[in-house]
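Remarks on the overall topology
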Amino acid sequence: FTLRIGSEQRASSEEGGGAPLRRYGKITFVDLAGSERLKDSCAEGLRAKEAQAINKSLFTLGKVISQLAQGKTDTHVPYRDSKLTQLLQESFGGGALCLMVTCLNPCST
């Protein structure tokens with residue numbers, strides 16, 4: 001789910017009627033569903049493929065965050081390795097602020 005926000009502030013009459021100041025923002029909400037162990041979930045068929053795709057996206061997201069956290073500008077960041085990271089690429093780069101909220105449960109092994 002993506003929410004785009006825009007605002008416009010008109011220049012005051014004291015400033016000579018300059019161009020209005022425009023600001024734009026974007027908020028992307030993503031439910032990552034969670035990592036699944038195929039062996040434990042007994043998923044088969046389409047559910048197994050879906051679980052594999054979720055795991056791949058989460059793994060790629062971890063690689064992207066790791067690359068960006070290192071701060072090296074000359075290394076390749078694998079945004080194109082999953083649809084999730086392609087979707088979030090704009091939120092990770094440049095002057096963007098990124099916040100990740102997670103809910104974790106203990107794993108019973």
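Here is a short report on the structure shown in this document.

Procedures and definitions
Residues numbered from 1 in each chain as written. Predicted model: local features only at pLDDT ≥ 70, side-chain atom pairs only at ≥ 80, totals over all residues. Heavy atoms only, no water. Helix = DSSP H or I, 4+ residues; strand = E, 2+ residues; numbered from the N terminus. Buried < 20%, exposed > 50% of the residue type's maximum accessible area, 1.4 Å probe, protein only. Contact = heavy atoms within 4.5 Å. Areas by Shrake-Rupley, 256 points an atom, 1.4 Å probe, with all protein chains shown as cover. Salt bridge = Lys/Arg side-chain N within 4 Å of Asp/Glu carboxyl O. Expected span 1.5 Å × (residues − 1). Axes fitted to C-alpha atoms, helices over the stretch in contact; angles between N-to-C directions. Parallel < 35°, antiparallel > 145°, perpendicular 65-115°, else oblique. Left-handed = near helix turned anticlockwise from the far one by under 90°. Nonpolar A, V, L, I, M, F, W, Y, C, P; charged D, E, K, R; others polar.

1. Focus on the overall build of the protein chain
Looking only at helices and strands, one finds three helices and two strands in the protein chain. The order of α-helices and β-strands along the protein chain, N terminus first, is β-β-α-α-α. Every one of the 109 residues in the protein chain was classed for burial, and the buried ones make up 15%. Within the protein chain, counting contacts between residues at least 6 apart in sequence, those at least 24 apart form 35% of the total. On the protein chain, roughly 9,300 Å² of surface is accessible, and the fraction owed to carbon and sulfur atoms is 53%.

2. Quick notes on the pattern of salt bridges
Summed over the entire model, instances satisfying the criterion amount to three salt bridges. Across the pair Lys26 and Glu90 runs a salt bridge, and its minimum N-O distance is 2.8 Å. Taken together, the residues Lys26 in strand β2 (residues 21–28) and Glu90 in helix α3 (residues 83–92) connect sequence positions 64 residues apart. Judged by its relative accessible area of 29%, Lys26 falls in the partly exposed class.

3. What to know about helix α2 (residues 46–70)
In an α-helix, one turn spans 3.6 residues, which is why side chains three or four residues apart end up on the same side. Spanning 25 residues, α2 covers 36 Å between terminal C-alpha atoms, matching the ideal 36 Å at 1.5 Å per step. Listing the buried residues of α2 in full gives Ala48, Ala51, Ile54, Ser57, Thr60, Leu61 and Val64. Two residues or fewer after α2 comes Gly71, characterised by a positive phi angle close to 75°.

4. Brief notes about the side chain of Ser57
Following the sequence through the fold, Ser57 ends up in helix α2. Those residues in contact with Ser57 that lie beyond four places of it in its chain are Ser82 and Leu84.

5. Some details on the packing of α2 against α3
Contact pair α2 / α3: the axes reach a minimum separation of 10 Å and the direction vectors enclose 25°. In terms of axis orientation, α2 runs roughly parallel to α3. For the crossing formed where α2 meets α3, the hand is right-handed. Where α2 abuts α3, its residues Ser57, Thr60, Leu61, Val64, Ile65 and Leu68 lie against Leu84, Thr85, Leu88 and Phe92. For the contact of α2 with α3, the class distribution of residues is seven nonpolar, three polar and no charged.

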